[in-house]
Amino acid sequence: YFVFVQSSGMGKTKILYQYKRLLEGMKHAERKRVALMVLCRSQSTTDPRKGEEAEVFDKFMNLKDIVVWIGESNDTIDFDKTQFKLFQYLDKYVDDVIRESEPVELVLMFDEAHYLLRKLKYTKENEERSMEALLFRLVRVWLRTVRPACSIVATFSGTSAKLKNFRIASDPDPNHETDTRDITRLVRSRGVGLFPTFFMTTTIGCLRKKGGAIKIDGSEYQQAIPYGRPLFAMMESRNELGKENLFHILKRMLQLHKATSAWKGNTSALLSILGTRVQMGQMAVEVSSNLIEKGYANLTFADDKTATICFMPDPVCARLAMCMMDNEFKMDGNLEGAEKKWWVLQAKNLYSNGLCTPEKGDFGEVMVALYFLMCADVLRKKDNPACDLRKYTKFSVSLKALLDLLVNGGKTEVNSAGELAGEEPRAVSEAKGDAGRQTETASDMDVSNDDTRDSKKVKVDKQSITFGAIQVCRNYNRVYGQSWKEFKSQDYLKHLYKSGVGFYVFPGCDHIDLVFPLKRSDTDSKDGFYFPLVISIKSRAYFTPAAAEKERLSMEDMAKTSGLDCAICLLVVFGSNVRSKDKEGVKYDASILDSLFRGENAIVSSVLRIPSNDCFGISKAFMEMTSTCAPEIPEVFASHAFIGGWEESQKNHHSSFTEQFLRVRKNPDDLVFITTDEMTKQLWRIGSNEGSEPMEVEESIQSPESGVSTAS
């Protein structure tokens, strides 16, 4: 048998159905090939599309009829009776296709096979036992039955990664083997290994070319849906992505079954929401399996011991995850979002506790991606004032407003103390939301005209440049390490922009870490003009203006060498607790966009430093997870025995000696320069015997932001 594992909505059933149609009428070695699709549950009686189920599936496996319970407690099964009924069910499938005069090759395709994995208790020889996936194991034994007139191969498809490695510890145990081999039929010997798991369904965005799939007059959200999961694209084309189904999708993302308030303590739920937006990296196999089986993570690799996942472009899930990062969002009365600071704290805890590992081993890029999206969300909230499912149907925001917000730490107002204020208190924002909702007349699902309505509120000078990403995914195309010429393609950039995604580049790329598509509303083009925002991230305790300038110019040169006509190259410095003064024309200033706003094509670059006191607490969380000490300070301390010996030969202490220890810092006013200079000065005093005399204790040098203190 073969196993086919992938998350829900990726087209597993469709692929099996097409394979079944492909086999119709085919023969191999004089045997007729027949395929039967078996749904491992009873036929739905409530689904509006139950008629389609009957057309697709040949058999329905009603497990309630197969499993025979002892008593009324539904706690322990009668093993022998259950085995008999299951084999009777399966034998009938074979009997229906066998012809005495015509041998058959039968392909049995068990869909939604995760229903067979339930752990069941049973009694055998007056002893109570239990077995993982008892029904699945019994089906495997049945497949080994010797049938001269029929050979069988099976596929088991489902969302559970547990299907892939079902060679569990108890398999070689004779006590367990007896349970499934003590049957009155001739069976073939067991196999010696498992076939590789099939999971490579390349179906994301496969329906975007389907006629009528993209609603030209719909909201940006509706236009993005065909670029994601095929199931959701089909549902949208049938007008089935209403409030009820979206609620079920969100509950699946949050791993909820009954209570809607229990998700905050569920690690899988937190990883599902955060991973959907910014990719949290890899995690334990059990957690990965949960996110595939009960959520919308995609399996990207599987063997006997591992299961790696990612969250592929999926506008429906990404929008719901975005809503959950808004503390005003409510759905179905009692399912509520949480404030952005809370989500940042959860991301920090997940990394700190080792529950997930970032792709590059550096969670700085994940935090920066989350910061970009959260700042964009603040602007989207203004353009999408409703607090129900109409929220966030317009993805695009002003690039200038976004960059200003990034520089200001995500803060939109200045309070009386001259500090930028962050998110409003919940009570205030709810009151404003209630007032706004009193004038709203559209129905809960009326999202088709949101873009038109919201666009009238945005005033732009000259031509607008917009940012439209709502999630960040992985792109391992290694061409970006050599050239960015791919970013000249309008079709490619439009595809990225329409689907609402940005992406991380492959690990080890020398120039950039993150790419977002931008759109300029050119008057001479109906679709607008698309160009890239390429970002290099430096998560450092200190990154000098000179080093920043060097990196900025390197990005700019790469863009020009690649033949790009238009691009914004942004060097983002993150996690630094020391303020640095970049030169005018180097640090970010809104004027760098002037030529682009005029409709000119140009390559512009800038350095953008994220404040250490951003309103989401992202910088604070990052610095608490990493060392905030500049590297030279511990290096000087570790080398002080050698420095002291060298200083003995010097008549005077020279600041030039301090500079030799500094990597790139030359500014005497820099905190790290001052601290390092003080340490080497102390060593010179000791080496020149000045240390033997009482010294005047100098003032401690301390930075309120860094907490670094050195006293002579």
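All values reported here derive from a predicted model rather than from experimental measurement. (Residues numbered from 1 in each chain as written. Predicted model: local features only at pLDDT ≥ 70, side-chain atom pairs only at ≥ 80, totals over all residues. Heavy atoms only, no water.)

Q: Would you take a moment to explain the overall build of the chain for this structure?
A: What the chain contains, in helices and strands, is 25 helices and 27 strands. With 712 residues in all, the chain has 52% of them scored as buried. Taking the intrachain contacts of the chain between residues at least 6 apart in sequence as the baseline, contacts between residues at least 24 apart amount to 71%. Carbon and sulfur atoms provide 50% of the accessible area of the chain, an area that totals close to 33,100 Å². (Helix = DSSP H or I, 4+ residues; strand = E, 2+ residues; numbered from the N terminus. Buried < 20%, exposed > 50% of the residue type's maximum accessible area, 1.4 Å probe, protein only. Contact = heavy atoms within 4.5 Å. Areas by Shrake-Rupley, 256 points an atom, 1.4 Å probe, with all protein chains shown as cover.)

Q: It is not clear to me how the packing of helix H4 (residues 79-95) against helix H5 (residues 134-143) should be interpreted in this structure. Could you clarify?
A: How two helices pack is summed up by the angle between their axes together with the distance between the axes. In contact at an axis separation of 10 Å, H4 and H5 are set at 50° when each is read in the N-to-C sense. By the criterion of interaxial angle, the relationship of H4 to H5 is oblique. Here H4 runs over H5; the crossing is right-handed. Contacts between H4 and H5 involve Phe79, Thr82, Gln83, Leu86, Phe87, Leu90, Asp91 and Val94 from the former and Leu134, Leu135, Leu138, Val139 and Trp142 from the latter. (Axes fitted to C-alpha atoms, helices over the stretch in contact; angles between N-to-C directions. Parallel < 35°, antiparallel > 145°, perpendicular 65-115°, else oblique. Left-handed = near helix turned anticlockwise from the far one by under 90°.)

Q: For this particular structure, what's the right way to read the packing of aromatic side chains?
A: Any two aromatic rings considered together are summarised by their centre-to-centre distance and by the angle between their planes. According to the stated counting rule, one finds 23 aromatic pairs in the structure shown. Linked through ring pairs, Tyr1, Phe110, Phe136 and Phe156 together constitute an aromatic cluster. A cation over an aromatic ring shows up here: Arg147 above the ring of Trp142, its NZ or CZ 4.3 Å from the ring centre. In this structure, Arg474 packs its charged tip against the face of Tyr504, placed 4.1 Å from the ring centre. (Phe/Tyr/Trp six-rings, centres within 6.5 Å; stacked < 30°, edge-to-face > 60°. Lys NZ or Arg CZ within 6 Å of the ring centre and 35° of its normal.)

Q: Explain the packing of helix H13 (residues 340-352) against helix H21 (residues 618-625) here, please?
A: In the contact formed by H13 and H21, the axes pass within 9 Å of each other and the chain directions differ by 15°. Here H21 runs roughly parallel to H13, going by the angle between their axes. With respect to the hand of their crossing, H13 and H21 are arranged in right-handed fashion. Listed contacts from H21 to Val344, Lys348, Tyr351 and Ser352 of H13 are Ile618, Ala621, Glu624 and Met625. Partitioning the contact of H13 with H21 into residue classes produces five nonpolar, one polar and two charged. (Nonpolar A, V, L, I, M, F, W, Y, C, P; charged D, E, K, R; others polar.)

Q: Just checking my understanding: could you explain helix H8 (residues 230-237) for this structure?
A: An α-helical turn contains 3.6 residues, so a residue and the one three or four places further along point in the same direction. Regarding H8, the residues found buried are Pro230, Phe232, Ala233, Met235 and Glu236. A positive backbone phi angle near 60° is found at Asn239, which sits one or two residues after H8.

Q: Mind showing me how you'd approach the environment of Pro358 here?
A: Structurally, the position occupied by Pro358 is in the loop between strand E15 (356-357) and helix H14 (364-383). Classification of Pro358 by relative accessible area gives buried; the value is 9%. Along the chain, Pro358 and Gly281 lie 77 residues apart, while their C-alpha atoms are 4.2 Å from each other. Excluding residues within four positions of it along the chain, Pro358 makes contact with Met280, Gly281, Tyr351 and Phe363.

Q: Mind showing me how you'd approach the pattern of salt bridges here?
A: Side chains bearing opposite charge may pair, as long as their charged atoms lie close to each other. Under the definition given, this model contains 25 salt bridges. Residue Asp96 pairs with Lys92 through a salt bridge whose shortest N-O separation is 3.6 Å. With its nearest N and O atoms 3.4 Å apart, the salt bridge here joins Glu556 to Arg552. Of this pair, Glu556 and Arg552 both sit in helix H19 (residues 545-561), separated by four residues, roughly a single helical turn. Arg552 carries the same exposure label as Glu556, and that label is buried. What emerges from the salt-bridge pattern is a single network uniting Glu549, Arg552, Glu556 and Lys560. (Salt bridge = Lys/Arg side-chain N within 4 Å of Asp/Glu carboxyl O.)

Q: Quick question: what am I supposed to make of the side chain of Arg229 here?
A: Looking at the element boundaries, Arg229 is found in the loop between helix H7 (220-224) and H8. At 2.7 Å, the side chain of Arg229 and the backbone oxygen of Ser8 are in polar contact. Setting aside residues no more than four positions away along its own chain, Arg229 makes contact with Ser7, Ser8, Gly9, Met10, Ile204, Tyr296, Asn298, Pro313 and Asp314. (Polar contact = N/O pair within 3.5 Å; in protein donor to acceptor, adjacent residues only side chain to side chain.)

Q: In this structure, what is going on with the pairing of strand E11 (residues 298-302)? I would like to understand it.
A: The side chains of a regular strand alternate, first on one face of the sheet and then on the other. Pairing of E11 with strand E12 (residues 307-310) involves four bridges; the strand directions are antiparallel. Of the residues in E12, the one forming a bridge with Phe301 is Thr308. (Pairing = 2+ DSSP bridges.)

Q: Please explain the sheet that holds strand E7 (residues 120-124) as it appears in this structure.
A: In a beta sheet, neighbouring strands are held together by backbone hydrogen bonds and run either parallel or antiparallel to one another. The sheet built from three strands is open, its strands ordered E5-E7-E8 with mixed pairing. Of all the strands in the sheet, the pair left with one neighbour each is strand E5 (76-77) and strand E8 (127-131). Alignment of E5 against E7, held across two bridges, turns out to be parallel. The residue bridging Ile77 from the neighbouring strand is Tyr122, located in E7. The sheet strands contacting H4 are E5 and E7, and the helix crosses E7 at an angle near 115°.

Q: It is not clear to me how the nonpolar core should be interpreted in this structure. Could you clarify?
A: Within soluble globular proteins, side chains that are nonpolar tend to cluster in buried spots. With 149 residues, the main nonpolar core has Met61, Phe110, Ile249, Trp263, Met280, Trp343 and Phe372 as its most contacted residues. If one sorts the elements of this core by residue count, H14 sits on top with 13 residues. When neighbours within four sequence positions are excluded, Trp263 is seen to be in contact with Leu254, Leu256, Ala269, Leu270, Met324, Leu335, Glu336, Ala338, Trp342 and Trp343. Ranked by size, the runner-up nonpolar core spans 31 residues in total, among them Trp484, Tyr530, Cys569 and Val573. (Core = buried A, V, L, I, M, F, W, Y, C linked by side-chain atoms within 4.5 Å.)

Q: Honestly, unusual backbone geometry in this entry has me stumped. Any pointers?
A: Apart from glycine, the bulk of residues carry a negative phi angle, and the bulk of peptide bonds sit in the trans form. Positive phi values are uncommon outside glycine, yet Glu112 reaches one of about 55°. For Gln279, which is not glycine, the phi torsion reads 65° and is therefore positive. Following the sequence through the fold, Gln279 ends up in the loop between helix H10 (267-278) and strand E10 (282-283).

Q: Would you mind going over a nonpolar patch on the surface with me for this structure?
A: On the surface, Phe2, Val153 and Phe195 cluster together into a nonpolar patch covering about 260 Å² of accessible area. Within the fold, Phe2 resides in strand E1 (residues 2-5). (Patch = residues over 30% accessible without salt bridge, like charges linked within 9 Å, V, L, I, M, F, W, Y side chains within 5 Å.)

Q: Could you clarify how one ought to interpret helix H1 (residues 12-23) in this entry?
A: Its 12 residues place the ends of H1 17 Å apart at the C-alpha level, agreeing with the 16 Å of an ideal helix rising 1.5 Å per residue. All buried positions along H1 are accounted for by Lys12, Leu16, Lys20 and Leu23. The buried residues of H1 occupy an angular sector of 75° when projected down its axis, which confines them to one face. Seen from the open side of H1, the exposed residues pointing more than 90 degrees away from its buried face are Lys14 and Leu22. Looking one or two residues beyond H1, the residue adopting positive phi is Gly25, at roughly 85°. (Expected span 1.5 Å × (residues − 1). Arc of directions from axis to C-beta.)

Q: When you look at the pairing of strand E22 (residues 514-520) in this model, what are you seeing that I'm missing?
A: Among the seven residues in E22, six count as buried, and that is most of the element. In terms of strand pairing, strand E19 (residues 465-467) meets E22 through three bridges, oriented antiparallel. Looking at the pairing, Ile465 lines up with Arg520 of E22. Pairing analysis gives two bridges linking strand E21 (residues 501-504) to E22, with the strands arranged antiparallel. Its bridge partner being in E22, Tyr504 is matched across the sheet by Leu514. Where E22 lies against strand E23 (residues 529-539), seven bridges are found, and the strand directions are antiparallel. Bridge pairing links Leu514 to Ile535 in E23.

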